Amino acid sequence: MLLLGLDIGTSSIKASVVDAETQKVVASASYPEQEAEILVPQLGRAEQDPESWWESAQQAILKCHATNKYDPKEIISIGIAYQMHGLVLIDKNQKLLRNAIIWSDSRAVKIGEKAFYEIGEQRCLTHLLNSPGNFTASKLAWVKANEPEIYDQTDQILLPGDFIAMKFTGEVTTSIPALSEGIFWDFKEDEISKDILNYYDFDKGLFPDVKPVFTEHGGLKQDIASRLSLKPNIPVAYKAGDQPNNALALNVLNPGEVAANAGTSGVIYGVKDQLSYDNKSRINNFAHVNYSAENKRIGTLLNINGTGIFNKWMRELLGEKVSYKAMNAMAKKIPPGAEGLSALPFGNGAERMFENKILGGHFLNLDFNIHSKSHLLRAVQEGIAFSFRYGLDIMRENGINPKVIKAGKSNLFLSEVFAQTFADVNNVEVEFYEGDGSYGAAVGGGIGIGVFKNTEEAAHNRKPIRRIQPNHSTACQRIYEEWKEALDRILKLE
């Protein structure tokens, strides 16, 4: 029995086929080959065409098939992970009405801030566990105010994973975790938030049927099955946002367990069993994949918009013939601290941990006589690691104090400079695991159809492939303090 998983990312779509018995990856692929385009119609905005996600998802599946390592007809379920907080609008015929407004778009910041104040800060924090902020609900309010002709045609609102599942099955569903990440869920009442519906004047009919995360969300349509050489009617049996899904893939499911990801954006994600919140909503709280009314598992998420995208920007400056592996080697040649050069990776929209301020990316203390391309690369990777430390300190204020953080051996964690700096500055052991988000999605689909009795059984064979211990370096802490002083100077300018 084989399980198919998809990760609908910002940069590409990843697919994995996993053997249900061994939980090993049989084949994996991603599409497109070059990083997908983010559309920027004007400053502070970020959109993508959902149809491009769908086309890339199909191509990634076909690339897996092309390895000839398995029979596609042995695939028995589909699981989907997806970039969180996006807004997709469809009409009554399931046709797209506009491009998706994705997670890094900042156009709704002021709308969310006003809602936070007018609904009541304490009311929002105790019921929503967050400010409405720059999340899906506020993005929908922006469409309602600025594109009323689009809003009036809207039959249902979807998150990115809901859209891809619809393309597979023709059915539209959502889940409590998906609603919570859009800031539509009232945790106190365990229902779609009346506060949000009333304040923004949204019709409850805009929301799809609410189903559990691990369940059948529809069966594969005959025409899509034929196109992809799959059996018709196999179920889409799991949908989850990329960060809760990453936690599932890393077996981070119980209070106190913590995962990290350093892709286009950076995330530290911890699990707790309390309906608690950060008073300034600098970190956010969503229903985890194993959330239920009886078993409240909350994922606390620190998000940094400008992580891997900063590294990608450096690659574009160097010329894309320079590989990430070569960039990592160049950074390694430079001593810690990059000879006084500091980099602030905040050039990808409003940052939640700075209360939705837009700081921009910065290089500080640049010396034309000393600093080279390699210094820039070292400073970028250290600056990204330091931004994780800044955010983890906020999480520690909120009771999350990890000694071990789990991560996939991918993206920035492939860099020795970044990985060791991350361990050192945060004073944590880092455990690395094989498999990416598409692996977690495949396993989630297996749970959804009952191949695995529960999440514990699904993780039975998961073992770390490597561990990094912190060096307890006083030099690293000193460099971080210098970096933080540079950040404080920029914050004072805001």
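All values derive from a computational prediction rather than experimental measurement.

Engineer: Which parts of the structure should I look at to understand the sheet that holds strand β14 (residues 258-262)?
Structural biologist: Read from one edge to the other, the open sheet built from seven strands follows the order β16-β17-β15-β14-β20-β21-β22, with strand pairing classed as mixed. Each edge of the open sheet carries a strand with a single partner, namely β16 (284-287) and β22 (466-468). Strand-to-strand twist across the sheet, computed as the mean angle between neighbouring axes with direction ignored, equals 30 degrees. Pairing of β16 with strand β17 (residues 298-304), which is carried by four bridges, proceeds in the antiparallel orientation. Residue pairing for β17: Asn-284 is matched across the bridge by Leu-301. Relative to β17, helix α13 (residues 373-397) is tilted by about 145 degrees, and along the sheet it contacts β14, β15 (266-272), β17 and β20 (404-408).

Engineer: Can you walk me through the packing of helix α1 (residues 50-65) against helix α6 (residues 160-169) in this structure?
Structural biologist: Think of two packed helices as two axes; the pair is described by the angle between the axes and how far apart they sit. The interhelical angle for the contact between α1 and α6, taken along N-to-C directions, is 60 degrees, at an axis separation of 10 Å. Compared by their axis directions, α1 and α6 come out oblique. Crossing geometry of α1 relative to α6 is assigned as right-handed. Residues Pro-50, Glu-51, Trp-53, Trp-54 and Ile-61 of α1 form the contact with α6, whose participating residues are Pro-160, Phe-163, Ile-164, Lys-167 and Phe-168.

Engineer: I tried to follow the packing of aromatic side chains on my own but got confused; where do I start?
Structural biologist: Aromatic ring pairs are reported here in terms of the distance separating the ring centres and the angle at which the planes meet. Enumeration according to the criterion identifies 22 aromatic pairs in this entry. Taken together, a centroid distance of 4.8 Å and an interplanar angle of 75 degrees make the contact between Phe-184 and Phe-207 edge-to-face. Here Phe-184, found in the loop between α7 (176-181) and β10 (185-186), pairs with Phe-207, found in the loop between α8 (194-200) and β12 (209-210); they are 23 residues apart in sequence, far enough to count as distant. Of the residues examined, Phe-207 reaches a relative accessible area of 8% and is grouped as buried.

Engineer: Can you help me understand helix α14 (residues 416-426) in this one?
Structural biologist: Along an α-helix, a turn takes 3.6 residues, which lines up residues three or four apart on a common side. For α14, the tally of buried residues reaches nine of eleven residues, placing the bulk of the element in the interior. Of all the positions in α14, only Val-417, Phe-418, Ala-419, Thr-421, Phe-422, Ala-423, Asp-424, Val-425 and Asn-426 are classed as buried. Backbone nitrogen of Val-417 and a side-chain oxygen of the N-cap are separated by 3.3 Å at the start of α14; the cap is Ser-415.

Engineer: Could you clarify how one ought to interpret the nonpolar core in this entry?
Structural biologist: When a protein is soluble and globular, its nonpolar side chains tend to lie buried together. Counting residues in hydrophobic clusters, the biggest one holds 55 residues, and the most contacted among them are Phe-346, Phe-413, Phe-418 and Phe-422. If you tally residues by element for this core, the top one is α13, at eleven residues. Counting residues in hydrophobic clusters, the runner-up holds 46 residues, among them Leu-97, Leu-125, Ile-183 and Tyr-200.

Engineer: Sorry if this is basic, but what is going on with the pattern of salt bridges here?
Structural biologist: Opposite charge on two side chains permits pairing when their charged atoms draw close. A complete count under the given rule lists 22 salt bridges for this structure. The salt bridge partner of Glu-33 is Lys-63, with a shortest N-O separation of 2.6 Å. Placement of Glu-33 in the loop between β3 (25-31) and β4 (47-48) and of Lys-63 in helix α1 is noted, with a sequence separation of 30 residues between them. Assessed through its relative accessible area of 59%, Glu-33 is described here as exposed. A relative accessible area of 31% means that Lys-63 is categorised as partly exposed. Put simply, Glu-47, Arg-98, Asp-105, Arg-107 and Glu-147 are held in one network by salt bridges that share partners.

Engineer: Could you clarify how one ought to interpret the packing of α14 against helix α17 (residues 474-493) in this entry?
Structural biologist: At a minimum axis separation of 9 Å, α14 and α17 run at an interaxial angle of 90 degrees. Taken as axis vectors, α14 and α17 run roughly perpendicular relative to one another. Judged by residue contacts, Thr-421, Asp-424 and Val-425 of α14 engage Cys-476, Gln-477 and Tyr-480 from α17. Along the lines of polarity and charge, the residues of the contact of α14 with α17 split into three nonpolar, two polar and one charged.

Engineer: Quick question: what am I supposed to make of helix α12 (residues 324-332) here?
Structural biologist: Turning to α12, its buried residues number three or more, namely Met-327, Asn-328, Met-330 and Ala-331. For α12, the angular spread of the buried residues around the axis is 160 degrees, confining them to a single face. Next to the buried residues of α12 lie α11 (308-318), α13 and α14.

What counts as what
Residues numbered from 1 in each chain as written. Predicted model: local features only at pLDDT ≥ 70, side-chain atom pairs only at ≥ 80, totals over all residues. Heavy atoms only, no water. Pairing = 2+ DSSP bridges. Helix = DSSP H or I, 4+ residues; strand = E, 2+ residues; numbered from the N terminus. Axes fitted to C-alpha atoms, helices over the stretch in contact; angles between N-to-C directions. Contact = heavy atoms within 4.5 Å. Parallel < 35°, antiparallel > 145°, perpendicular 65-115°, else oblique. Left-handed = near helix turned anticlockwise from the far one by under 90°. Phe/Tyr/Trp six-rings, centres within 6.5 Å; stacked < 30°, edge-to-face > 60°. Buried < 20%, exposed > 50% of the residue type's maximum accessible area, 1.4 Å probe, protein only. Polar contact = N/O pair within 3.5 Å; in protein donor to acceptor, adjacent residues only side chain to side chain. Core = buried A, V, L, I, M, F, W, Y, C linked by side-chain atoms within 4.5 Å. Salt bridge = Lys/Arg side-chain N within 4 Å of Asp/Glu carboxyl O. Nonpolar A, V, L, I, M, F, W, Y, C, P; charged D, E, K, R; others polar. Arc of directions from axis to C-beta.

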